[in-house]
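What follows is the residue order along each chain.
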Amino acid sequence: MTTAPTSALAVTGLNKAFGGVQAVRDVTFALAPGELLALIGPNGAGKSTCFNMLNGQLPPDEGSIKLYGHEIIGLKPRQVWRLGVGRTFQITATFQSMSVIENVQMALISHHRRLLSMLPFAGALYKDEAFALLDLVSMGAQAGRPCGMLAYGDLKRLELAVALANDPKVLLMDEPTAGMAPKERIELMQLTADIVGQRGISVLFTEHDMDVVFAHAGRVMVLNRGRLIAEGTPAQIRANAEVQAIYLGSGAVYKTDEDTAAGAAP
Amino acid sequence: MTIKRTLLAAVAGALAATLMTGAGVKAADTIKIGEINSYSSLPAFTVPYRNGWQLALEEINAAGGVLGKQIEVISKDDAGKPPNAVTAANELVSKEGVSVLMGTFFSHIGLAVSDFSKQKQILFVAAEPLSDAVTWAKGHKYVFRVRPNVTVQADMLAEEAAKLPAKRWATIAPNYEYGKSFVAAFKASLNKRRSDIEWVDEQWPPLFKLDAGSTVQALLRANPEAIFNATFGPDVAKFVREGTTRNLFDGRTVVSALTGEPEYLDPLKDETPNGWIVTGYPWSSIDTPEHNAFKAAYEKKFGDYPRLGSIVGYATMKATVAIIANAGSLDTDALIKAGEGTTFDTPMGKATFRPEDHQSTLGAYVGKTAMQDGKGVMVDWTYRDGADYLPDAAATKALTPWK
Amino acid sequence: MDFLFIQFLNGLASASSLFLVASGLSIIFGVTRITNFAHGAFYMLGAYMAYTLTEHWSGALGFWGGLLAAAVAVAIIGALLEIILLRRIYQAPELFQLLATFGVTLVIEDLVIQIWGAEDLLGRRAPGLKGSVDIFGQAFPTYELMLIVLGPAVLGLLWLLFHKTRWGVLVRAATQDRMMVAALGVNQARLFTGVFALGIFLGALGGAVQIPREAVHNAMDLQIIVEAFVIVVIGGMGSVLGAFLASVLIGELNAFGILLFPKISIVLMFLVMAVILVIRPWGLLGRPESHARSALGTAERPIRPLGRGGRNAVLAVLLVLLILPVFGGSYLLNVATEVLIFALFAASLHLMMGIGGMVSFGHAAYFGLGAYGVALLVKFLEIPMAGGLVLAPLLAFTGAVLFGWFCVRLTGVYLAMLTLAFAQIAWSIVFQWDAVTGGDNGLLGVWPAPWASTPEAFYYLTLAICAVGVMMIRRIVFSPFGYTLRSCRDSVLRADAIGIDRQRIQWLGFILAGTFAGIGGVLFAYLKGSVFPDNISIPISVDGLVMVLLGGIQTVAGPVVGAGIYKALSIFIISETEFWKLILGTLIVILVVAFPQGVVGFAVDLFRRRDPDDGEAGEAPA
């Protein structure tokens with residue numbers, strides 16, 4: 001593990017039970033500044049629960065989550081966001097009645113604390129900034145389109161732009177490539193990796209597609225039945241027998257070295 | 001946006017066109033009377049009412065009209081809501097140019113139109129609204145009322161109630177102004193007549209939402225010796241059924257407002273309770289020349305027997321025209337001046353608008369319910385002249401701050 | 001003790017009737033998401049049908065058969081209605097079906113009078129159940145005993161239907177997730193028709209069994225529909241067992257309420273609903289709505305500020321309005337004034353429900369509070385008109401602050417029903433507090449000051465206030481705050497994830513909408529000269545909904561146009577004929593079918609279809 005003076009995110013002893021079922025059990029890990037960390041695991045392993053606790057959507061039963069040393073347990077998602085944590089969702093959550101650029105402007109308006117302002121035209125605010133963010137995710141050409149008409153992959157990219165609007169220090173991405181075609185997935189993850197690399201953002205993401213994980217994650221953690229059972233470099237995880245057993249046992253298969261190497265070749 | 005513009009223009013245009021047609025087209029050879037009532041929301045009463053005024057109108061015009069002109073009545077529905085009534089009144093006055101307003105059933109609508117007539121300084125002859133306030137507390141010089149108010153009717157009933165041995169009384173009335181003031185007036189009158197009355201329970205079901213079983217049970221628990229009822233319409237049918245099944249009326253006399261009106265009595269058919277003391281309209285057994293003529297004409301024209309609403313409509317029409325005839329002009333001040341003391345014909349007999357409060361002296365029939373041939377009728381009835389129950393001029397002065 | 005037991009039985013008997021109606025409503029909502037405003041009308045129709053059949057068919061078989069046959073006949077009418085009308089508009093914004101069923105209600109209300117006459121009809125009593133049995137020395141009607149059994153029996157049958165038949169299982173699945181059933185390859189259209197017919201059957205049966213209890217009359221629908229909605233919401237939308245529990249609760253509440261607080265029985269039910277919703281935001285047995293978004297339709301196009309064409313159109317309309325007094329008589333001005341007031345009212349409601357995603361069934365509260373605000377100021381302080389115009393909206397503002405604080409804690413239909421509860425509580429305070437509000441006799445003499453008393457002067461005053469009001473609302477819609485409101489409507493999840501406090505934003509939106517409605521109410525009071533509890537009652541709230549939906553909820557101009565069309569139409573039709581319900585109802589149904597996106601929505605659609613670049617209407621925002 002690469003140890004940094006302060007972790008971007010330091011999670012210790014996180015626990016969550018739903019009516020007797022322990023969904024997350026004593027999870028402890030740290031996200032280093034600038035790191036791209038993947039959280040994987042079979043269905044029902046507790047990834048989403050874990051994620052929802054990290055940005056305040058779910059209160060944990062026990063544990064501590066420190067953002068650059070500040071405890072964020074007990075804060076609401078909107079407060080966590082104000083501290084510099086961006087988030088994308090497994091099923092995209094965007095503002096359907098707004099155009100693409102308005103979605104980004106909305107986040108910028110919030111970032112600049114103009115939510116209650118009733119005089120200016122919202123559509124004229126922070127337009128340049130919004131275009132810059134859309135260009136960053138290659139969505140500039142679609143800025144004026146209604147959000148409700150976007151292809152799924154474009155929605156995911158829009159979400160990324162929205163998540164970047166408050167200049168986050170940490171980005172939480174829940175299944176960023178779910179529902180996309182394989183080629184698109186690799187592209188989106190490459191794009192993400194480039195952006196966060198340039199901006200020094202730390203990323204924690206969950207992912208089903210092992211190709212994506214192994215191609216882009218700097219480090220991988222494996223969650224099973226609410227417990228972290230392995231963590232290491234992609235190569236270490238790929239070689240881990242227990243992880244293989246879980247994935248085989250659950251019926252999900254990930255590709256062997258050769259396939260992955262072939263598929264993931266840029 | 002062209003479409004929207006066209007549409008907006010069309011709406012505005014259509015609106016303007018429909019509202020402007022007829023504006024200013026004031027035929028000089030007729031006298032216009034504006035009429036407003038709750039035709040769509042209370043047809044059971046207002047349809048016979050309309051028949052009544054139409055019959056009177058026909059008779060008046062056949063006899064040459066008034067002031068040498070024919071009468072034209074322009075009738076509007078108020079949808080049972082005061083704001084709609086005011087809109088209708090406005091249309092009648094501003095657009096149709098009527099000289100007088102008449103009509104209304106509900107007290108609050110009557111008050112709304114009355115206040116409008118005061119603002120616009122036009123005469124308003126209220127037909128049915130029973131609230132005392134119409135001519136007393138909230139009266140003014142522009143309003144006259146035909147029917148006897150709540151206090152008068154309650155007083156007539158209390159006069160009979162006082163003769164009963166019963167001392168323990170319970171009341172049931174719909175929870176709105178009419179019900180509340182009817183109960184208050186009945187209590188006051190009975191207390192005045194008897195010092196030994198004990199009021200053991202009162203029930204206030206929402207209008208037309210009587211929870212009959214529970215309410216009857218609650219009355220039973222209080223075990224009154226007699227009951228005063230002011231519910232009407234569908235509520236009274238429910239009350240009669242539940243009360244009968246649960247033996248509420250065994251050995252208890254019920255004094256009941258309006259229940260003798262055919263509008264409310266007829267639906268009860270063979271379940272008509274026996275011996276309730278009621279106000280109403282014994283249309284089948286009145287034998288006076290004026291009523292016989294009215295009834296014959298009514299049955300000939302409409303193929304149906306008259307209801308109380310028919311009498312009210314007929315009387316209101318006659319009263320309005322009588323005021324115009326007395327005034328000899330359509331000037332509002334002249335109408336008011338002439339209206340005070342105007343006597344008019346009704347199937348119940350003559351009635352007069354009292355100068356002190358613009359209330360007519362029209363009375364009411366008080367009698368008992370009974371069943372004949374599977375139908376409810378009123379028996380042992382007498383006609384009580386309103387003049388005998390209205391307060392005298394001195395007492396009225398205290399009730400009419402506007403005079 | 002004996003008395004309490006008997007009273008408990010009375011409560012149960014009422015509960016059974018309520019349950020029949022409410023369960024039908026709940027099942028329909030659960031599966032089809034139709035807010036069936038016409039449910040009360042079908043209840044009434046069931047009673048009328050049953051009256052006719054039981055009068056013609058003799059004997060016990062004729063009686064009971066008549067009740068059942070009446071319910072079946074009405075259910076068939078319901079199924080036809082679903083096939084002919086509702087099926088066409090499932091794609092429309094969800095509340096649009098409320099508008100359609102409102103139109104149907106108006107039509108049925110007039111039809112029953114035409115068919116069965118105006119007089120109350122007292123039907124037969126049930127053969128064999130005419131008498132009473134002795135319970136603790138009290139005569140208790142045997143028919144009521146039968147009803148007490150009927151409720152749980154129907155509950156049991158419904159349980160069997162939903163758990164032991166394939167169709168029932170599908171219905172339950174559809175209640176939980178409509179998408180899933182569509183994915184299973186079930187004929188969704190037929191399923192919806194079946195569910196609608198079942199719901200209507202239960203409602204009509206509820207009406208039919210009233211025959212031995214009460215006279216059939218033409219206002220039966222109004223007395224039951226609100227109560228049925230309250231029960232469905234207390235029980236939890238879509239939950240049959242919840243509807244049963246809520247029916248018992250309300251039945252008992254009525255039975256015992258009249259003993260403890262006879263005069264507040266008109267509002268007790270709403271008080272209880274408000275308390276329950278505050279404690280349990282999805283009713284007793286309801287589940288959180290599957291999608292957090294409010295019930296306002298699927299993919300929408302972004303709303304846009306007006307393009308040049310639109311701006312010109314608005315200017316043209318304003319110009320016409322400005323010169324109206326030149327060619328219009330004082331009656332026309334009077335009507336135009338009323339239309340303007342309702343345009344502001346509808347725009348305020350649209351700000352709340354269209355932009356804010358908070359559907360209100362009780363917007364009349366703020367309209368009425370504004371009206372009463374000015375009437376009370378005039379009555380007690382004899383305040384001049386200028387003061388009234390400024391101060392009276394404060395009462396509406398205060399009401400919105402107070403009620404809104406509770407309402408924004410809920411979402412969707414539950415929020416809507418809580419607004420209704422508060423509106424009814426406000427109504428009953430006004431209705432009962434004779435000493436201050438004058439009760440149902442209202443407050444009179446609220447006429448404009450001499451400087452504004454001519455129709456022209458008051459018209460210009462209203463035009464100025466309403467035009468500025470509507471422009472302010474428009475401005476808010478396109479301001480950052482308007483966008484923020486819309487973001488909370490579109491996705492609570494995303495809004496929360498970008499630092500937006502939904503409740504605070506919605507509360508502010510609620511207050512703004514209520515205050516604008518209050519300004520409308522103030523003007524209305526001056527226009528009519530008198531103020532009555534009617535100004536705060538359900539029909540005003542419904543009128544507002546109809547205007548917004550008719551104009552097009554997804555457009556900003558829609559509500560104003562909808563108000564113009566609906567108000568002008570209804571004033572005109574009511575003036576022309578007493579059969580206005582029939583005509584107005586039919587017109588609404590036609591408009592619903594012709595313009596499922598609302599009139600302005602339709603116009604915008606047409607415009608955009610000609611525009612190659614989808615979604616861009618007019619100019620891009622400046």
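Cut-off values and rules
- Residues numbered from 1 in each chain as written.
- Chains lettered and ligands numbered in written order.
- Predicted model: local features only at pLDDT ≥ 70, side-chain atom pairs only at ≥ 80, totals over all residues.
- Heavy atoms only, no water.
- Helix = DSSP H or I, 4+ residues; strand = E, 2+ residues; numbered from the N terminus.
- Rg over C-alpha atoms; globule rule 2.2 N^0.38 Å.
- Buried < 20%, exposed > 50% of the residue type's maximum accessible area, 1.4 Å probe, protein only.
- Contact = heavy atoms within 4.5 Å.
- Areas by Shrake-Rupley, 256 points an atom, 1.4 Å probe, with all protein chains shown as cover.
- Lys, Arg positive; Asp, Glu negative; His and termini not counted.
- Charge placed at Lys NZ, Arg CZ, Asp CG, Glu CD.
- Salt bridge = Lys/Arg side-chain N within 4 Å of Asp/Glu carboxyl O.
- Domains from an automatic or database assignment.
- Buried area = accessible area lost by both parts, 1.4 Å probe.
- Polar contact = N/O pair within 3.5 Å; in protein donor to acceptor, adjacent residues only side chain to side chain.
- Nonpolar A, V, L, I, M, F, W, Y, C, P; charged D, E, K, R; others polar.
- Expected span 1.5 Å × (residues − 1).
- Pairing = 2+ DSSP bridges.
- Axes fitted to C-alpha atoms, helices over the stretch in contact; angles between N-to-C directions.

Right, let's get into the overall build of chain A. A count of helical and extended segments in chain A gives ten helices and ten strands. The C-alpha atoms of chain A give a radius of gyration of 19 Å, which matches the 18 Å a tight globule of 266 residues would have. When each of the 266 residues of chain A is scored for burial, the buried share is 54%. Contacts in chain A between residues at least 24 apart in sequence constitute 66% of all its contacts with a sequence separation of at least 6. Counting only carbon and sulfur atoms, one obtains 54% of the accessible surface of chain A, whose full area is about 10900 Å². Across chain A, the mean location of the 23 positive side-chain charges is 7 Å away from that of the 25 negative side-chain charges.

Bringing the overall build of chain C into the picture now. Helix and strand counts for chain C come out as 26 helices and four strands. For chain C, the spread of C-alpha atoms along the three principal axes comes to 75 × 60 × 50 Å. For chain C, contacts bridging at least 24 residues in sequence account for 80% of all contacts bridging at least 6. Accessible surface, chain C: about 20400 Å² in total, of which carbon and sulfur atoms supply 71%. Once the 35 positive and 35 negative side-chain charges of chain C are each reduced to a mean point, those two points are 10 Å apart.

Turning next to the pattern of salt bridges. Residues and elements named next belong to chain B. Overall, the coordinates contain 45 salt bridges over all chains when judged by the stated rule. The partner of glutamate 340 in a salt bridge is lysine 403, with the nearest N and O atoms 2.9 Å apart. Here lysine 403 lies in the segment after α13 (393-399) and glutamate 340 lies in the loop between α12 (332-339) and β11 (343-346), a separation of 63 residues in the sequence. The exposure class assigned to glutamate 340 is partly exposed, which follows from its relative accessible area of 26%. Classification of lysine 403 as partly exposed rests on a relative accessible area of 44%.

With that settled, consider the domain arrangement of chain C. Residue and element names in this part refer to chain C. Assigned domains of chain C: these are domain 1 (13-220) and domain 2 (331-610). Taking only C-alpha atoms into account, the centre of domain 1 sits 33 Å from that of domain 2. Residue-level contacts link 22 residues of domain 1 with 28 residues of domain 2. Summed over both partners, the interface of domain 1 with domain 2 buries about 2000 Å², with 83% contributed by carbon and sulfur atoms. Seen at the junction of domain 1 and domain 2, the total is one salt bridge. The salt bridge involving lysine 581 is made with glutamate 109; its shortest N-O contact spans 3.4 Å. Counting across the interface, domain 1 meets domain 2 through two residue pairs in polar contact (both at pLDDT 80 or more). In terms of residue count, helix α4 (residues 96-116) provides more of the side of domain 1 that touches domain 2 than any other element does, 13 residues in total. Looking at side-chain class alone, the side of domain 1 that touches domain 2 contains 16 nonpolar, three polar and three charged residues.

For the rest of this paragraph, the subject is the interface of chain C and chain A. Taken together, the contact pairs 37 residues of chain C with 38 residues of chain A. Counting across the chain C and chain A interface gives three salt bridges. Across the pair Arg494(C) and Glu159(A) runs a salt bridge whose closest N-O atoms are separated by 2.7 Å. At the boundary of chain C with chain A, the tally comes to 19 residue pairs in polar contact (both at pLDDT 80 or more). Elements with a minimum of two residues in the side of chain C that touches chain A: α19 (455-477), α20 (480-490), α21 (492-497) and α22 (502-528) of chain C. Among the residues making up the side of chain C that touches chain A, the classes are represented as 18 nonpolar, six polar and 13 charged.

Residues and elements named next belong to chain A. What the domain assignment lists for chain A is domain 1 (1-84 + 168-266) and domain 2 (94-163). Here the C-alpha centre of domain 2 lies 26 Å away from the C-alpha centre of domain 1. Across the contact, 17 residues belong to domain 1 and 14 residues belong to domain 2. In total, domain 1 and domain 2 occlude about 1200 Å² of area from one another, counting both sides; carbon and sulfur atoms represent 65% of this. Among the residues domain 1 hides against domain 2, the three largest losses belong to Trp81, Arg82 and Leu191. Together they make up 38% of the total. Counting across the domain 1 and domain 2 interface gives zero salt bridges. Breaking the side of domain 1 that touches domain 2 down by element, the ones donating at least two residues are α2 (77-82), β7 (170-174) and α6 (182-199). Of all the elements, α6 adds the most residues to the side of domain 1 that touches domain 2, at six residues.

Before going further, it helps to examine the side chain of Ser491(C). Following the sequence through the fold, Ser491(C) ends up in the loop between α20 and α21. Side-chain polar atoms of Ser491(C) contact the backbone nitrogen of Arg494(C), separated by 3.0 Å. With residues near it in sequence (within four places) discarded, Ser491(C) still touches Ala93(A), Thr94(A) and Phe95(A).

On to helix α3 (residues 59-84) of chain C, then. Residues and elements named next belong to chain C. With 26 residues, α3 extends 37 Å from end C-alpha to end C-alpha; this agrees with the ideal 38 Å at 1.5 Å per step. All buried positions along α3 are accounted for by Gly62, Phe63, Gly66, Leu67, Ala70, Ala71, Val74, Ala75, Gly78, Ala79, Leu81 and Glu82. Against the buried residues of α3 lie α2 (39-56), α4, α5 (142-164) and α8 (188-208).

Once that is clear, we can look at the sheet that holds strand β2 (residues 21-31) of chain A. Residue and element names in this part refer to chain A. On the basis of which strands lie adjacent, the open sheet formed by four strands has the order β2-β1-β4-β5 and antiparallel pairing. Both outer strands of the open sheet, β2 and β5 (70-71), are each paired with one neighbouring strand and no more. Where strand β4 (residues 62-67) lies against β5, two bridges are found, and the strand directions are antiparallel. Of the residues in β5, the one forming a bridge with leucine 67 is histidine 70. Together, β1 (9-18), β2 and β4 form the strand contacts of helix α1 (residues 47-54), whose direction differs from that of β1 by roughly 120°.

On to the interface of chain B and chain C. Listed per partner, the contact involves 76 residues of chain B and 87 residues of chain C. Buried surface at the junction of chain B and chain C, summed over both partners, amounts to about 7400 Å²; 60% is from carbon and sulfur atoms. Across the contact surface, chain B and chain C share seven salt bridges. A salt bridge links Arg307(B) to Glu119(C); its shortest N-O distance comes to 3.1 Å. In this assembly, chain B and chain C are joined by 32 residue pairs in polar contact (both at pLDDT 80 or more). Considering every element that reaches the side of chain B that touches chain C, the biggest residue donor is helix α1 (residues 2-20) of chain B, with twelve residues. Partitioning the side of chain B that touches chain C into residue classes produces 30 nonpolar, 21 polar and 25 charged.

Counting contacts across all two pairs of chains found in contact, the highest total belongs to chains B and C. Taking C-alpha atoms only, the smallest gap left between chain A and chain B, which are not in contact, amounts to 20 Å.

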